[in-house]
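# Structural characterization, general
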Amino acid sequence: METPDRHLKIAMERAWPLLTGLAATLAALIGLSDSIAPKRVSRSVHIRAMRLLRPAEALLRRLIVLMARELYGNLSGTHPTALSPIHVSPDLVRVKRDQTKKAHFQLFEPLATVASCDSHRAPKPVGNPRILSLDAPYPAEVEKPDGLSAARLVARVRALRKVLDNPKHRAKRFARFLARKAAANTPMGRLNPVRPGWPPGARSRHTPPWLTDMLRHLGPEVRKHPPWMWVRG
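All residue numbers here refer to positions counted from 1 along the written sequence of the relevant chain. A pLDDT threshold of at least 70 governs which residues receive local features in this predicted model, and a stricter bar of 80 or more applies before side-chain atom pairs are shown or counted, although totals over entire chains, interfaces and linings include all residues. Think of the side-chain values as coming from all heavy atoms in the structure, minus any hydrogens and water.

Quick look at the overall build of the chain now. What the chain contains, in helices and strands, is 9 helices and 2 strands. Scanning the chain from its N terminus toward the C terminus, one meets helices and strands in the order α-β-α-α-α-α-β-α-α-α-α. Here the term buried applies to any residue with accessible area under 20% of the maximum for its type, exposed to any over 50%, and partly exposed to those in between, with areas from a 1.4 Å probe on protein chains only. Of all 233 residues assigned to the chain, the portion counted as buried reaches 33%. Note on contacts: a residue pair is in contact if any heavy atoms of the two residues lie within 4.5 Å. In the chain, 87% of the contacts between residues at least 6 apart in sequence involve partners at least 24 apart. Total accessible area computed for the chain in this model is approximately 16400 Å², and 56% of it derives from carbon and sulfur atoms. Where helices and strands are cited, they refer to DSSP runs of H or I of at least four residues and of E of at least two residues respectively, numbered from the N terminus. Each accessible area is a Shrake-Rupley result for a 1.4 Å probe, and residues are judged covered by the shown protein chains and nothing else.

Below, the structure written as structure tokens:
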């Protein structure tokens, strides 16, 4: 009989090529290539792409977390100074963050806030109607371009494919983060990138069945405590 770790390893090995193929499908859906990036896409294409992109990002997060926990064993016991990132000027960090903001893969899923749970919308401002002068020509309506802006969608798809090209690099970064938190006597903060509840897109009928199964299978494993808490038990 195989152990649960064996089943988990097999599931991870099967997930990588399927996820890479889904990323290629997303790029083809919006017309993205290495040299061509669409500026606008139709609303229907945008909706279809986001329905696939959200669960794809969720599965990639879970795979990176599991990879990082496997790599954590090689870093445990290392002095915190050896794990600290190289000091960089805050101004340089700010400039680099602004330049790469659109192409950044978000490892930590956003948590729900009180504002996001409030369904009441802000009231519209009430005032007197605007009176136009009859001496000037009536302003013509500005023609709106067709479709939606694709800049944000293109950036997220590119970031997804970039991480898929070298997922071990991102997993190493997160493993070093876990090792620094375990070795330093500082408040832990948030350690698990996965938020409580169902993964994004896991219950959607538009998500491919294999992706839904992967999310449900890997979800409980990722929601466990960090590795050093297993030993403390």
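Moving on, we get to the environment of Leu 59. Mapping Leu 59 onto the fold places it in helix H2 (residues 43-75). Excluding anything up to four places from it in sequence, Leu 59 contacts Ala 15, Leu 19, Trp 210, Leu 211, Met 214, Leu 215 and Leu 218.

Below, the discussion takes up the side chain of Arg 61. With respect to the element layout, Arg 61 can be found in helix H2. N or O atoms within 3.5 Å of each other form a polar contact, as long as, within protein, one can give a hydrogen and the other can take it, and as long as residues adjacent in sequence are counted only when both atoms are side-chain atoms. There is a polar contact of 3.4 Å between the side chain of Arg 61 and the side chain of Glu 109. Ignoring anything within four residues of it in the chain, the contact list for Arg 61 reads Phe 105, Gln 106, Leu 107 and Glu 109.

What follows concerns the side chain of Thr 207. Here Thr 207 is to be found in the loop between helix H7 (167-183) and helix H8 (209-222). Residue Thr 207 is classed as buried on the basis of its relative accessible area of 6%. There is a polar contact of 2.7 Å between the side chain of Thr 207 and the backbone oxygen of Gly 201. Apart from residues no more than four positions distant in its own chain, Thr 207 is found in contact with Arg 51, Pro 55, Gly 201 and Thr 212.

Quick look at the pattern of salt bridges now. Every case where a carboxyl oxygen of Asp or Glu lies within 4 Å of a side-chain nitrogen of Lys or Arg is listed as a salt bridge. Taken as a whole and assessed by the stated rule, the structure comprises 5 salt bridges. The salt bridge involving Glu 57 is made with Arg 156; its shortest N-O contact spans 2.6 Å. Placement of Glu 57 in helix H2 and of Arg 156 in helix H6 (residues 151-165) is noted, with a sequence separation of 99 residues between them. Note that Glu 109 and Arg 61 form a salt bridge whose closest N and O atoms lie 3.4 Å from each other. Here Glu 109 is found in the loop between helix H4 (90-100) and helix H5 (114-117), whereas its partner Arg 61 is found in helix H2, with 48 residues between them in sequence. Side by side, Glu 109 and Arg 61 carry an identical accessibility label, which is buried. Among the charged side chains, a network of salt bridges with common partners joins Glu 57, Arg 61, Arg 62, Glu 109, Arg 156 and Arg 195.

Okay, H7 next. Each residue after the first adds 1.5 Å to the expected span of a helix. With 17 residues, H7 ought to run about 24 Å at 1.5 Å a step, and its terminal C-alpha atoms sit 25 Å apart, in line with that. Listed as buried for H7 are Pro 167, Arg 170, Ala 171, Phe 174, Ala 175, Leu 178 and Ala 179.

Okay, the packing of aromatic side chains next. When the centres of two rings from Phe, Tyr and Trp lie within 6.5 Å, Trp using its six-membered ring, the rings pair. Their planes under 30 degrees apart give stacked, over 60 give edge-to-face, and anything left gives tilted. Considering all chains together, one arrives at 3 aromatic pairs under this definition. Aromatic side chains Phe 108 and Phe 177 sit 6.3 Å apart centroid to centroid with 85° between the ring planes, which places their arrangement in the edge-to-face category. Note that Phe 108 is positioned in the loop between H4 and H5 and Phe 177 in helix H7, a separation of 69 residues in sequence. An aromatic cluster is built from Phe 108, Phe 174 and Phe 177, whose rings are joined through pairwise contacts.

Nothing here speaks to function; it is geometry throughout.
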